[in-house]
Structures are given as structure tokens and as C-alpha cells.
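Structure assessment
The primary structure of each chain is shown beneath.
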Amino acid sequence: MEQEVVEAELVLPTHMKFKKIQVYEKYPKGQTKARWKHLKQIISAENYQNYPPHEPNYVNIESPPSMHPCKRICDITGFEAPYFDPRTKLRYANTEVFKLIRSLPNDYVQRYLALRNAAIVLR
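Residues numbered from 1 in each chain as written. Predicted model: local features only at pLDDT ≥ 70, side-chain atom pairs only at ≥ 80, totals over all residues. Heavy atoms only, no water.

Each helix and strand in the protein was counted, giving five helices and two strands. Of all 123 residues assigned to the protein, the portion counted as buried reaches 14%. Within the protein, contacts between residues at least 6 apart in sequence are counted, and of these 16% link residues at least 24 apart. Summed over its atoms, the accessible surface of the protein is roughly 11,800 Å², and 58% of this surface lies on carbon and sulfur atoms. (Helix = DSSP H or I, 4+ residues; strand = E, 2+ residues; numbered from the N terminus. Buried < 20%, exposed > 50% of the residue type's maximum accessible area, 1.4 Å probe, protein only. Contact = heavy atoms within 4.5 Å. Areas by Shrake-Rupley, 256 points an atom, 1.4 Å probe, with all protein chains shown as cover.)

What follows is about the packing of aromatic side chains. Scanning all chains against the criterion turns up two aromatic pairs. When the centroid spacing of 5.5 Å and the interplanar angle of 25° are considered together, the rings of Tyr-83 and Tyr-92 count as stacked. Judged by its relative accessible area of 43%, Tyr-83 is partly exposed. Between Tyr-92 and Phe-98, the aromatic rings sit 4.9 Å apart at their centres with planes inclined by 40°, giving tilted as the arrangement. Judged by relative accessible area, Tyr-92 falls into the buried class, the value being 12%. An aromatic cluster of three or more residues is present, and its members are Tyr-83, Tyr-92 and Phe-98. (Phe/Tyr/Trp six-rings, centres within 6.5 Å; stacked < 30°, edge-to-face > 60°.)

Let us look at the side chain of Arg-91. By the secondary structure assignment, Arg-91 is in strand E2 (residues 91–92). At 5.3 Å, Asp-75 is the nearest oppositely charged side chain to Arg-91, a buried residue that forms no salt bridge. Contacts of Arg-91, omitting those with residues within four sequence positions, involve Arg-72, Ile-73, Cys-74, Asp-75, Ala-81, Tyr-83, Phe-84, Ile-101 and Arg-116. (Lys, Arg positive; Asp, Glu negative; His and termini not counted. Salt bridge = Lys/Arg side-chain N within 4 Å of Asp/Glu carboxyl O.)

Positionally, Thr-88 belongs in the loop between strand E1 (83–84) and E2. A polar contact of 2.6 Å, which involves the side chain of Thr-88, links it to the side chain of Asp-85. (Polar contact = N/O pair within 3.5 Å; in protein donor to acceptor, adjacent residues only side chain to side chain.)

Looking now at the nonpolar core. As a rule of thumb, nonpolar side chains are buried together in soluble globular proteins. Listed in full, the 10 residues of the largest apolar core are Cys-74, Ala-81, Leu-90, Tyr-92, Ala-93, Val-97, Ile-101, Leu-104, Val-109 and Leu-113. Counting residues per element, the ones that place at least two in this core are helix H4 (95–103) and helix H5 (106–115). Not counting residues within four places of it along the chain, the set of residues in contact with Ile-101 comprises Ile-76, Asp-85, Thr-88, Leu-90, Arg-91 and Tyr-92. (Core = buried A, V, L, I, M, F, W, Y, C linked by side-chain atoms within 4.5 Å.)

Moving on to the pattern of salt bridges. This model, assessed by the stated rule, comprises three salt bridges. Among the ionic pairs, Arg-116 bridges to Asp-75, the shortest N-O distance being 2.8 Å. Taken together, the residues Arg-116 in the segment after H5 and Asp-75 in the loop between helix H3 (39–45) and E1 connect sequence positions 41 residues apart. Its salt-bridge partner being Asp-85, residue Arg-102 comes within 2.7 Å of it at the nearest N-O pair. Here Arg-102 is found in helix H4, whereas its partner Asp-85 is found in the loop between E1 and E2, with 17 residues between them in sequence. The partly exposed category is assigned to Arg-102, whose relative accessible area is 32%.

In short, shape yes, function no, at least from these values alone.
Following this line, the structure appears as C-alpha cells:
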């Protein structure tokens, strides 16, 4: 039995199927891995001088105002706020925050409004 094993030819595949693809198969000889470009390399490779000045690009930060309405954010939690308290003018996300807003003294409400640059004198 041992002689049969010695005489038998072992045929092994070039790579094991359970392993990742071998590097030499993925990148044949002469090819290298694709490298990431940094912003400086992108800017130097492109001719941004040829683009119109009103068109936004990597160099020009000026862009037209957004056509979408701004998101309303809860003043307490920072989540998206679908609700608005008409008495305090604060935005809130859910009922627990609404109860908290109603229990706040006017001084705290003024501070929250000042953070949003919506300082309103409450009476």
C-alpha cells in the first residue's frame, strides 16, 4: 500500500479555492496595484483653468445655494424635528422632549434659542 502512495502522482492546484486569490493571478507580471490619488495630485492633473469660473469644482468652493429646504433639527436632542412648540419657539423630536421643553424656565429657553441664532424675547 505504501508503494502505491509513493508511485501515485500528486496533482495540486495552483491555488487553494478556500484561500484568497493569489497576488500573482490578480496582478500579472508588469502590472502594479492601482494607487489612490491625493487631492493635490487630482488638482495638478486636471486643467481647472479651462473650466468656466461659475462652475463648482475641487478648486472653487463657491457654489449656488441649495434648492432643498434646510432640515429642522431638535434643539434638545439633535435629531430631526418634525414638531415645533408655538409657545417657546423650540423644535422637538418626540413627546418626551416636548414635556422637557414645557418644564424649562424661560432663561434656559432663551439660551437654546440663542444657540440656534433665533433669539426671541418670550413674555
